[in-house]
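Given next are the chains, with one letter for each unit.
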Amino acid sequence: MMCRSALALLTAAFVCLQNCQRGPASFLRAAWVFSLVLGLSRSEDNRCISSNVASCSRCLAMGPECGWCFQKDFISSGLRSERCDIVSNLINKGCSADSIEKPSVRVIIESENEGNSQVTPGEVSIHLRPGAEANFMLKIHPLKKYPVDLYYLVDVSASMHNNIEKLNSVGNDLSRKMAFFSRDFRLGFGSYVDKTVSPYISIHPERIHNQCSDYNLDCMPPHGYIHVLSLTENITEFEKAVHKQKISGNIDTPEGGFDAMLQAAVCESHIGWRKEAKRLLLVMTDQTSHLALDSKLAGIVVPHDGNCHLKNNVYVKSTTMEHPSLGQLSAKLIDNNINVIFAVQGKQFHWYKDLLPLLPGTIAGEIESKAANLNNLVVEAYKKLISEVKVQVENQAHGVLFNVTAICPDGARKPGAVGCGNVTSNDEVLFNVTVTMKNCEVTGGKSFAVLKPIGFNETTKIHIHRSCSCQCEIRGPERQCVDEAFLDPKCLHCEESKCHLSEDRFPSESCHSHKDQPVCSGRGVCVCGKCLCHKTKLGKVYGQFCEKDDFSCPYHHGSLCAGHGECETGRCRCFSGWEGDRCQCPSASAQQCVNSQGQVCSGRGTCVCGRCECTDPRSIGRFCEHCPTCPTACSDNWNCMQCLHPHNLSQALLDQCKTSCALAGQQRYVDQISECLSTPSYLRIFFIIFIVTFLIGLLKVLIVRQVILQWNSNKIKSSSDYRVSTSKKDKLLLQSVCTRAVTYRREKPEEIKLDINKLNAHETFRCNF
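What counts, and at which threshold
Residues numbered from 1 in each chain as written. Predicted model: local features only at pLDDT ≥ 70, side-chain atom pairs only at ≥ 80, totals over all residues. Heavy atoms only, no water. Helix = DSSP H or I, 4+ residues; strand = E, 2+ residues; numbered from the N terminus. Buried < 20%, exposed > 50% of the residue type's maximum accessible area, 1.4 Å probe, protein only. Areas by Shrake-Rupley, 256 points an atom, 1.4 Å probe, with all protein chains shown as cover. Pairing = 2+ DSSP bridges. Patch = residues over 30% accessible without salt bridge, like charges linked within 9 Å, V, L, I, M, F, W, Y side chains within 5 Å. Salt bridge = Lys/Arg side-chain N within 4 Å of Asp/Glu carboxyl O. Axes fitted to C-alpha atoms, helices over the stretch in contact; angles between N-to-C directions. Contact = heavy atoms within 4.5 Å. Core = buried A, V, L, I, M, F, W, Y, C linked by side-chain atoms within 4.5 Å. Disulfide = S-S within 2.5 Å. Polar contact = N/O pair within 3.5 Å; in protein donor to acceptor, adjacent residues only side chain to side chain. pLDDT = per-residue confidence, 0-100. 1 Å grid on protein atoms, 1.4 Å probe; cavity = no way out; pocket = protein on both sides within 12 Å on 5 of 7 lines; lining within 4 Å. Points joined across faces, edges and corners; volume = space filled by probe spheres on them. Nonpolar A, V, L, I, M, F, W, Y, C, P; charged D, E, K, R; others polar. Expected span 1.5 Å × (residues − 1).

### Regarding the overall build of the protein chain
Secondary structure summary: the protein chain contains 18 helices and 35 strands in total. Sorting the 769 residues of the protein chain into buried and exposed places 41% on the buried side. Total accessible area on the protein chain is roughly 43800 Å²; 54% of this is exposed by carbon and sulfur atoms.

Next comes the structure, spelled out in structure tokens:
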């Protein structure tokens with residue numbers, strides 16, 4: 001495969017070198033040779049012809065590999081457009097390379113001066129077409145020593161008293177330490193507390209000007225933000241300004257830090273930020289900050305506008321505008337190239353640390369008691385800031401995607417927003433920038449985007465040129481920009497040297513088969529009132545409304561619709577002489593489903609290929625003629641049976657027959673009169689059931705009687721056997737009981753005297769009466 005690719009590349013280069021003086025056609029020939037060797041002209045993977053397109057601009061929108069042949073005498077098929085295809089196929093079909101419209105993708109570096117620049121290139125122009133992408137490399141080289149502007153923004157509430165005293169001595173020490181990293185170092189100073197309204201401060205008359213009166217301290221009045229000292233190289237002036245600073249106070253725990261940070265970032269002229277300097281905003285505090293919407297507690301509902309509102313170095317909108325949101329604050333810090341260092345004392349350090357992912361270019365450090373480590377914290381934070389290089393995209397153009405990948409000095413690849421760390425002044429960080437245009441929603445014209453390294457004062461501006469139109473549309477009708485195989489001649493409208501499709505004359509309603517159906521059945525596009533059907537890998541889509549195809553209907557023995565019909569909206573439409581859901585049955589086979597009365601499946605089913613399929617689940621039989629649980633025709637139409645013999649009927653009944661029993665229905669009753677006449681007699685059925693029941697009962701009585709007799713017989717037999725066995729006992733057993741039948745009157749029964757004497761052995765007992 002590698003040899004094959006190399007051969008293709010060498011062949012294309014050879015062709016291009018031979019024709020380098022002949023204009024853009026040489027490039028197209030080289031592309032054709034390259035794709036021919038690699039086998040890219042396979043139609044099954046060719047999306048240029050996967051959908052019918054009727055104009056050049058629509059062809060270009062199909063993909064970056066598609067081209068349009070505007071040659072006048074070029075062939076055109078009736079099934080699909082032949083003018084839109086990849087370059088190799090168009091040349092094979094006979095289109096000359098000079099007659100192919102295929103805008104190229106280009107990247108032009110307009111300015112690249114690496115002498116004193118940290119970010120190169122400064123400007124890039126990219127020519128794109130729909131679906132295409134372009135790449136270029138962005139280089140960032142940190143300088144060894146930057147000019148540094150450091151602005152102290154200090155929370156001057158009463159709890160920060162000890163830390164403010166430490167600021168008196170930080171100036172000279174910090175200046176000496178920063179000399180190792182910066183050739184030009186300046187300091188500035190500002191203070192903040194909170195919004196000067198309840199419930200943030202006490203509005204009691206005795207405390208309105210001195211919030212610390214309860215602690216016997218002399219405090220300055222509370223304020224939202226005061227800019228005290230602009231950035232200066234005079235360290236002595238900085239220390240004097242800090243020495244004069246008094247503490248203030250408020251009621252609630254959070255402070256108005258975000259209000260002050262936004263003003264310090266956007267009030268560039270007041271603070272004195274330099275364009276070429278690294279801008280550091282050091283925020284010293286021991287409490288959290290109010291967020292957006294917190295101001296509603298004080299009745300302040302106007303959102304912050306993000307602008308500078310300093311008057312005489314005092315923030316004048318503190319009581320009328322809300323606190324800024326985190327997103328708003330982050331955007332302003334990035335726009336003004338501000339790096340923030342949070343120097344936090346106490347338990348709230350972790351609160352600020354959690355904010356770092358939401359505020360790019362921000363570092364948090366924990367200060368010790370009385371800010372003993374403040375200078376070291378600033379130096380370490382600065383070293384970390386200049387060692388991180390990140391890039392983000394601003395003013396992103398609509399319909400254009402950017403993918404930025406950082407290539408770090410150690411070879412690691414990371415997303416641009418993550419960037420690289422541990423970068424020194426001797427390192428160069430590369431960013432691979434890929435730009436992709438999805439579509440041509442904004443036709444023609446220019447748009448731009450900005451690549452901005454976080455914390456740097458330089459950017460790269462990217463100009464996007466969209467190639468969405470064809471040159472053949474501009475150079476006149478002698479070039480074929482529409483496919484005449486599809487379009488009405490009235491649809492192509494030309495004015496002077498420019499031609500375009502007059503689709504307004506042909507409303508899309510003509511492409512609907514029904515009002516509730518989508519345009520071209522959802523399987524095509526409507527161009528000049530005609531449906532151009534999509535071509536899919538499944539098969540062919542065709543028809544006036546793209547309602548037909550050759551793949552979505554059922555098959556029979558391997559053939560769509562058994563080869564006897566057309567597929568339309570997923571159902572087989574059978575040719576004459578065929579029927580069935582697959583058109584697999586001859587129409588003549590329906591005669592085999594007719595019963596003796598001329599009914600198809602007895603009116604209870606449908607005939608499928610000469611066999612009845614009963615639609616009534618209660619019906620059975622070859623013709624669905626048997627239905628034991630179905631009501632009979634006689635019972636259903638009993639009231640109309642008398643209409644068959646109208647001789648003895650009254651006029652009222654005759655009128656009822658005319659209205660209730662239709663003539664067609666009467667014919668049906670005549671046909672089924674045999675069913676009514678052959679209905680079995682209910683009396684006969686009653687007698688049969690009675691006789692059967694009687695016989696069954698009699699049989700049960702006989703069986704019970706026989707069982708009883710058999711039981712008695714067995715009992716008598718057992719008694720007789722007992723007497724026989726007794727007579728056979730031992731003869732020595734004497735008779736000890738005498739019996740005598742005596743008849744006596746009730747008045748005076750006869751006296752019976754018994755004499756019992758002692759018996760000798762072997763003497764027989766006798767009864768003497």
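### Side note on the sheet that holds strand S1 (residues 66–69)
Each strand in a sheet pairs with another by means of backbone hydrogen bonds, the pair being arranged parallel or else antiparallel. Ordered in space as S2-S1-S3, the 3 strands form an open sheet in which the pairing is antiparallel. The sheet is open, and its two borders are formed by strand S2 (84–86) and strand S3 (100–101), each paired with just one other strand. Of the strand pairs in this sheet, S1 and S3 are connected by 2 bridges, and their pairing is antiparallel. Across the sheet, Cys69 pairs through a bridge with Ile100, a residue of S3.

### Notes on the sheet that holds strand S18 (residues 413–415)
Read across the sheet, 5 strands follow the order S5-S7-S19-S17-S18 without closing on themselves; strand pairing throughout is antiparallel. The sheet is open, and its two borders are formed by strand S5 (119–120) and S18, each paired with just one other strand. In the sheet, strand S17 (residues 400–407) pairs with S18 via 3 bridges, with the strands oriented antiparallel. Looking across to S18, one finds that Ile407 is bridged to Arg413.

### Side note on a nonpolar patch on the surface
A cluster of nonpolar side chains, Leu683, Phe686, Phe687, Phe690, Ile691, Phe694, Leu695, Leu698 and Leu702, forms an exposed patch at the surface whose accessible area comes to about 950 Å². Along the chain, Ile691 turns up in helix H18 (residues 682–727).

### As for the packing of helix H6 (residues 170–178) against helix H7 (residues 235–244)
Each packed pair of helices is defined by two parameters, the angle between the axes and the distance between the axes. Close contact between H6 and H7 brings their axes to 8 Å; oriented N to C, the two are set at 140 degrees. Residue-level inspection shows Val170, Gly171, Asn172 and Ser175 of H6 in contact with H7, the latter providing Ile235, Phe238 and Glu239.

### A word on the pairing of strand S11 (residues 278–285)
The side chains of a regular strand alternate, residue by residue, between the two faces of the sheet. By the criterion of burial, S11 is predominantly enclosed, with 8 of the 8 residues buried. Residue alternation in S11 divides its side chains into two sets, Lys278, Leu280, Leu282 and Met284 and Arg279, Leu281, Val283 and Thr285, and both sets are buried. Pairing of strand S8 (residues 147–155) with S11, which is carried by 7 bridges, proceeds in the parallel orientation. Paired with Val154 across the two strands is Met284, which belongs to S11. Direction of pairing for S11 relative to strand S14 (residues 338–344): parallel, over a ladder of 7 bridges. Considered in S14, the bridge of Leu281 is made with Val340.

### A few points about helix H8 (residues 257–266)
Working note: α-helix, 3.6 residues per turn, so residues spaced by three or four point in the same direction. The buried fraction of H8 is high, at 10 of 10 residues. All of the buried residues along H8 are Gly257, Phe258, Asp259, Ala260, Met261, Leu262, Gln263, Ala264, Ala265 and Val266.

### Some remarks on the nonpolar core
Tyr152, Met284 and Leu374 are the most contacted members of the largest nonpolar core, which has 69 residues in total. Broken down by element, the residue count for this core peaks at 8 residues, all from helix H12 (residues 374–386). Leave out the neighbours within four places in its chain, and Met284 touches Tyr152, Leu153, Val154, Asp155, Met160, Asn163, Leu167, Tyr192, Ala343, Ile367, Ala371 and Leu374. One finds Leu153, Phe258, Ala260 and Leu262 within the second-largest nonpolar core, a separate group that totals 32 residues.

### Some remarks on the state of the cysteines
Applying the stated criterion across every chain, the model contains 11 disulfides. For Cys267, the disulfide goes to Cys308, at an S-S distance of 1.9 Å. Here Cys267 and Cys308 share a disulfide; its torsion about the S-S bond, 110 degrees, makes the bridge right-handed. Of the two residues, Cys267 is situated in the loop between H8 and helix H9 (268–271) and Cys308 in the loop between S11 and strand S12 (310–311); the sequence distance between them amounts to 41 residues. Note that Cys601 is cross-linked by a disulfide to Cys612, the S-S spacing being 2.1 Å. Its torsion about the S-S bond being -95 degrees, the disulfide of Cys601 and Cys612 is classed as left-handed. Taken together, the residues span a long stretch of sequence, with Cys601 in the loop between strand S33 (585–586) and strand S34 (605–608) and Cys612 in strand S35 (residues 611–614) at a distance of 11 residues.

### Regarding the side chain of Gln118
Of note, Gln118 is situated in the loop between strand S4 (106–111) and S5. Judged by relative accessible area, which is 5%, Gln118 ranks as buried. In terms of polar contacts, Gln118 uses its side chain to reach the side chain of Tyr146, at 2.7 Å. Beyond its immediate stretch of four places on either side in the chain, Gln118 contacts Lys139, Ile140, His141, Leu143, Tyr146, Phe456, Asn457 and Glu458.

### A short note on the confidence of the model for the protein chain
Here the protein chain averages 77 in pLDDT, and 73% of its residues register 70 or above. Low pLDDT, under 50, characterises residues 1–44; the predicted model gives this stretch 40 contacts beyond four residues in sequence or across chains.

### So, empty space enclosed by the protein
All chains considered together, the criterion is met by 4 cavities of 30 Å³ or more. Computed from the structure, the largest cavity encloses a volume of approximately 100 Å³. Taken together, Lys278, Leu280, Asn339, Gly361, Tyr382, Leu385, Ile386, Glu388, Lys390, Ile454 and Gly455 make up the full set of residues lining the largest cavity. Put simply, the parts of the chain that give the lining of the largest cavity at least two residues each are S11 and H12. Among the elements that line the lining of the largest cavity, the one with the most residues is H12, at 3 residues. When its residues are assigned to classes, the lining of the largest cavity shows 5 nonpolar, 3 polar and 3 charged.

### Quick word on unusual backbone geometry
Residue Pro121 is reached from Thr120 by a cis peptide bond, and omega for that bond is -5 degrees. Tracing the chain through its elements places Pro121 in the loop between S5 and strand S6 (123–128). With an omega dihedral of 15 degrees, the bond running from Ser198 to Pro199 counts as a cis peptide bond. Among the structural elements, Pro199 can be located in the loop between strand S9 (184–192) and strand S10 (225–232). Unlike most non-glycine residues, Asn312 shows phi in positive territory, near 55 degrees. Structurally, Asn312 can be placed in the loop between S12 and strand S13 (314–315).

### Here's the deal with H12
Spanning 13 residues, H12 covers 19 Å between terminal C-alpha atoms, matching the ideal 18 Å at 1.5 Å per step. Tucked inside the fold, the buried residues of H12 contact S8, H6, S11, S14 and strand S15 (362–366).

### Side note on the environment of Ile49
Note that Ile49 resides in the loop between helix H2 (25–38) and helix H3 (56–60). On the accessibility criterion, Ile49 (8% relative accessible area) is buried.

### Regarding the pattern of salt bridges
This model, assessed by the stated rule, comprises 13 salt bridges. Here Arg176 and Asp173 are joined by a salt bridge, their closest N and O atoms 3.6 Å apart. Of this pair, Arg176 and Asp173 are both found in helix H6, 3 residues apart, which corresponds to roughly one turn of the helix. Look at Arg176 and you get exposed, because its relative accessible area is 53%. When the shortest N-O distance is used, the salt bridge between Lys383 and Glu380 registers 3.8 Å. On the criterion of helical spacing, the pair formed by Lys383 and Glu380 is a turn pair, its members being 3 residues apart in helix H12. Note on Lys383: relative accessible area 36%, which makes it partly exposed.

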